[in-house]
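# Reading the structure
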Amino acid sequence: MNIQEELAKIFKGELDTSDESREFYSHDASLFELKPEVIGFPKDAEDIKNVVKFVNEHKITNPELSITPRSRGTDMSGAAIGQSIVLDISKYMNNLRDVTETSAHVQPGMLFREFDKATEEKGSLLPSYPASRDLASVGGMVNNNSGGEKSLEYGKTDKYVSELSVILSDGNEYVIRPLNRDELNIKMSQDDFEGNLYRRTFELLEAHYDEIQAAAPKVSKDSTGYHLWNVWNRETGVFDLTQLFVGAQGTLGIVTDIKFRLVKRRSHSGLLILFLKSTNELGEL
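Counting from 1, residues in each chain are numbered in the order their sequence is written. Reporting in this predicted model follows two pLDDT cut-offs: at least 70 for local features of residues, and 80 or more for side-chain atom pairs to be given and counted; totals over whole chains, interfaces and linings ignore these cut-offs and use all residues. Each side-chain value is worked out from all heavy atoms of the structure, with water and hydrogens disregarded.

Pairing within the open sheet is antiparallel, and its five strands lie in the order β5-β6-β13-β8-β9. Two strands in the sheet have a free side with no partner beyond their single neighbour: β5 (96–99) and β9 (173–176). Neighbouring strand axes in the sheet, compared pairwise and without regard to direction, differ in orientation by 10° on average. Two strands form a pair only when DSSP identifies at least two bridges running between them. In this text, helices come from DSSP runs of H or I with a minimum length of four residues, and strands from runs of E with a minimum of two, each type numbered from the N-terminal end. Across four bridges, the pairing between strand β8 (residues 161–167) and β9 is antiparallel. The partner of V166 across the bridge, within β9, is Y174. Strands in contact with helix α4 (residues 112–121) are β5, β6 (103–106) and β13 (254–261); relative to β5, the strand with the most contacts, it is inclined by about 30°. Note on geometry: axes are C-alpha line fits, over the in-contact stretch for helices, and angles between N-to-C directions span 0 to 180 degrees. Two residues qualify as a contact provided that any one of their heavy atoms is within 4.5 Å of a heavy atom in the partner residue.

Okay, the sheet that holds strand β11 (residues 232–233) next. In sheet architecture, strand pairing relies on hydrogen bonds along the backbone and comes in two forms, parallel and antiparallel. Strands sit in the order β10-β12-β11 across an open sheet of three strands; the sheet is antiparallel. The open sheet has two free edges, formed respectively by β10 (178–179) and β11, since each of these has just one partner strand. Bridge count for β10 against strand β12 (residues 238–240) is two bridges, and the pairing is antiparallel. By the bridge assignment for β12, P178 is matched with D240. Packed onto the sheet, helix α8 (residues 193–207) meets β10, β11 and β12 and runs at close to 120° relative to β12.

Within this scheme a cavity is a closed region of a 1 Å grid, computed over the protein atoms alone, that accommodates a 1.4 Å probe without allowing it to escape, whereas a pocket is open but has protein on both sides within 12 Å along at least five of seven lines; lining residues each have an atom within 4 Å of a point. Grid points are joined across faces, edges and corners, and a volume is the space filled by probe spheres set on the points. The space that makes up the largest pocket amounts to roughly 740 Å³. Lining the largest pocket are 28 residues, and of these S169, G250, T251, L252 and G253 sit closest to its centre. Take the lining of the largest pocket: its biggest share by element is six residues, from α8. Each residue gets one label: Ala, Val, Leu, Ile, Met, Phe, Trp, Tyr, Cys and Pro are nonpolar, Asp, Glu, Lys and Arg are charged, and the others, such as Gly, are polar. In terms of residue class, the lining of the largest pocket is made up of 16 nonpolar, eleven polar and one charged. For the second largest pocket, the calculated volume is near 590 Å³. Take the lining of the second largest pocket: its biggest share by element is four residues, from helix α5 (residues 138–143). Its residues assigned to classes, the lining of the second largest pocket comprises twelve nonpolar, 15 polar and four charged.

The structure is reproduced here in structure tokens:
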């Protein structure tokens, strides 16, 4: 099967199989190398949905088919490379929809440095601040649960995601956000793919609640994914499925739209310099 020819029938964006592009997209910021068969630049969520449905339809006869979502390629663990279809969302899905003093609505392909300028104009800040912030996209920050120099004070990206639009394995787009118990019950009562997802996830988390909570790492920074302990909270009654997708590196679904909570940007900052005769007390300092 010629993947490019078949995808061209259902895909509005560009498709590229040139040797130069396949070589470029065989790398991210990691040491790994995987050369894709085709690179797609989706125009919108409909393009991504069509590719997911295409893979679902042909996976049995072509088991090598897969999708790797990618934005700016700054990931250092190999999450932005794949051997089948790479979807680069940074070319078209990079718009800032809205920003206020307390929130922002943005597509995942937008560069963080441009996003940061827009929030600065409102006096607000997304404070997860990864080291790659001049090169990374906001979508990459969500999918890697990025943190950086401000994380000890403010926390990582997962703390600031209020809503995600994601395309799941059935090829449909869903909005996920924190739900109270009544809203969760409504979701679980649905007799469809989404309802089954909520039911099975809740049943898993509730049946093993204490064990899952005890497994949460006791560290100040954890940029791994699949943080089950943050999804269901018995005490607050909040079920927040965004916490399962943040940090999952696109393996659970492809993020197409993001809403962030923002904090007030400080008008001044300072640098304190200490001269030490010994590093023995550095930990205390």
